[in-house]
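Residue strings, one per chain:
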Amino acid sequence: MSRVLIDTSVLIGAGVPAGLEAAISVVSLAELHFGVLVAADPNERALRTKRLGVIEATFDPLPVDAGVAREWGRLAAAVAERGGQPRRRSIDLAIAATANVHGVPLLTADTADLAIIDDLVTVRPLKWSAVSSLATGGSGAGATGLEPATSGVMGL
């Protein structure tokens, strides 16, 4: 079974491909909460709230700890050194840093977001075949998240 960190772009899309041992970053939860709060249409807000509830019930998100913060800084510095604007990518960089610290690829629908540092982050593009919907309550990978990095185990 393939292990991955799921980017927010995958969580808000059609769902998570089957056969993955997956986790999410707490940063994705922040993005999803923001999305609920800024939805102007009540129907869209309800849909986003439902999706967020399923995701929160499915995954135990990985935190932004000191190791992730250090890696986030390293990735942001690399973006700046290469002529990019790290502040515009701060959320993406925090999620990528989480993947790096836990030694897993980042599954994303937006590979262009990290193209400037694709040599520093293992990015796995989402393939839309075999996708299980989180919006309907399907668990996708059925994961509850990764165990803390100190255990070295990704738990389902």
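This section reports on the structure supplied with the text. (Residues numbered from 1 in each chain as written. Predicted model: local features only at pLDDT ≥ 70, side-chain atom pairs only at ≥ 80, totals over all residues. Heavy atoms only, no water.)

1. Description of the environment of S28
Spelled out, the test is: For the purposes of this entry, the term helix denotes a DSSP run of H or I that reaches at least four residues, the term strand denotes a run of E that reaches at least two, and both are numbered from the N terminus. Each residue's exposure class comes from its accessible area (1.4 Å probe, protein chains only) as a fraction of the maximum for that residue type: buried when under 20%, exposed when over 50%, partly exposed otherwise. Note on contacts: a residue pair is in contact if any heavy atoms of the two residues lie within 4.5 Å. Between N or O atoms, a polar contact is any pair within 3.5 Å; within protein, one atom must be a potential hydrogen donor and the other a potential acceptor, and residues adjacent in sequence are included only when both atoms are from side chains.
On the secondary structure map, S28 appears in helix α2 (residues 26-38). Take S28: its relative accessible area is 0%, and that puts it in the buried class. Between the C-alpha atom of S28 and that of L62, which follows or precedes it by 34 residues, the distance is 9.7 Å. Excluding anything up to four places from it in sequence, S28 contacts I6, D7, T8, L11 and I95. Within polar-contact distance, the side chain of S28 engages the side chain of T8 at 2.7 Å.

2. Concerning the nonpolar core
Cut-off, in case you're wondering: We call a set of buried residues a nonpolar core when its members are Ala, Val, Leu, Ile, Met, Phe, Trp, Tyr or Cys and they connect through side-chain atoms within 4.5 Å of each other.
Counting residues in each nonpolar core, the largest one holds 20 residues, and the members touching the most others are L5, L75, L93, L106, L114 and I117. For this core, the secondary-structure elements that each account for two or more residues are α4 (66-81) and α5 (90-101). At 6 residues, α5 tops the list of elements feeding residues into this core. Core analysis: the next-biggest nonpolar cluster, separate from the first, contains 16 residues, V4, V36, L107 and L126 among them.

3. Some words on the sheet that holds strand β3 (residues 20-24)
Rules: Strand pairing requires that DSSP identify at least two bridges connecting the strands. Comment: axis = line fitted to C-alpha atoms, over the contacting stretch for helices; angle = value between 0 and 180 degrees taken between N-to-C directions.
Across the sheet, which stays open at both edges, the 4 strands sit in the order β3-β1-β4-β5 with parallel pairing between neighbours. In the strand order of this sheet, the two ends are held by β3 and β5 (123-125), each with one partner. Across this sheet, the average inter-strand angle for adjacent strands is 40 degrees, counted without regard to direction. Note: strand β4 (residues 106-108) against β5, 3 bridges, orientation parallel. If you follow L107 over to β5, its bridge partner there is R124.

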